[in-house]
Amino acid sequence: MTAGKDGNLTAPPYLQAMRFLPALFLAGPAWAAHSGVARPRTSPELSDIALFVMAAIGVWLVRRALRARFAKRGGRQPKGADSVKD
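Residues numbered from 1 in each chain as written. Predicted model: local features only at pLDDT ≥ 70, side-chain atom pairs only at ≥ 80, totals over all residues. Heavy atoms only, no water.

1. Remarks on the overall build of the protein chain
Rule in force here: Secondary structure elements follow DSSP: runs of H or I no shorter than four residues count as helices, runs of E no shorter than two count as strands, and numbering proceeds from the N terminus. Burial classes: relative accessible area under 20% of the type maximum marks a residue as buried, over 50% as exposed, and values in between as partly exposed (1.4 Å probe, protein chains only). For every accessible area listed, the method is Shrake-Rupley and the probe measures 1.4 Å; residues are considered covered only by the protein chains on display.
Scanning the protein chain from terminus to terminus reveals three helices and two strands. Tracing the protein chain from N to C terminus, the helices and strands come up as β-β-α-α-α. Taken across its 86 residues, the protein chain has 1% of its residues classed as buried. Within the structure as shown, the protein chain displays about 8400 Å² of accessible surface, and the carbon and sulfur contribution to it stands at 66%.

2. Observations concerning the pattern of salt bridges
So the rule is basically this: Any Lys or Arg side-chain nitrogen located within 4 Å of an Asp or Glu carboxyl oxygen qualifies as a salt bridge.
For the coordinates displayed, the defined rule picks out two salt bridges. Salt-bridge contacts for Arg 39 lead to Glu 45; the nearest nitrogen and oxygen are separated by 3.9 Å. Among the residues examined, Glu 45 registers a relative accessible area of 36% and is labelled partly exposed. Here Arg 41 and Asp 48 are joined by a salt bridge, their closest N and O atoms 2.7 Å apart. According to the relative accessible area criterion, Arg 41 is exposed, its value standing at 59%. Overall, the relative accessible area of 33% leaves Asp 48 in the partly exposed class.

3. Some points on a nonpolar patch on the surface
This is how the line gets drawn: For patch detection, residues must exceed 30% relative accessible area and be free of salt bridges, and they are connected within 9 Å for like charges or within 5 Å for nonpolar side chains (Val, Leu, Ile, Met, Phe, Trp, Tyr).
The grouping of Leu 46, Ile 49, Phe 52, Val 53, Met 54, Ile 57, Trp 60 and Leu 61 at the surface amounts to a nonpolar patch, some 870 Å² of accessible area in total. When you line up the elements, Trp 60 lands in helix H3 (residues 46-72).

4. Observations regarding the confidence of the model for the protein chain
Low pLDDT means the predicted atomic positions in that stretch should not be read closely. Heads up, the condition is: For every residue, the predictor reports its confidence as pLDDT, a number between 0 and 100.
Considering every residue of the protein chain, the mean pLDDT works out to 75; 56% of them sit at 70 or more. Within the protein chain, no element has a lower average pLDDT than strand E1 (residues 2-3), which sits at 57, and none a higher one than H3, at 93.

Printed below as a string of structure tokens:
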């Protein structure tokens, strides 16, 4: 902060310009989302495939962590797990 001509504190110019930065981040995706013309879907988009792959990796990581956790406990089943009747 610097003192202006009248003695009041003023922010440097780059800080004054940065106050509009959050508005640009919020409005940016709206400008880049699409052209406004809907087109028919002929196949899954790349983002759909990437989302599926990330979900599959997440499931694999959780299953691996649970297997390691139960192996560390000696392979015991939780109490009452074997007493469930069909």
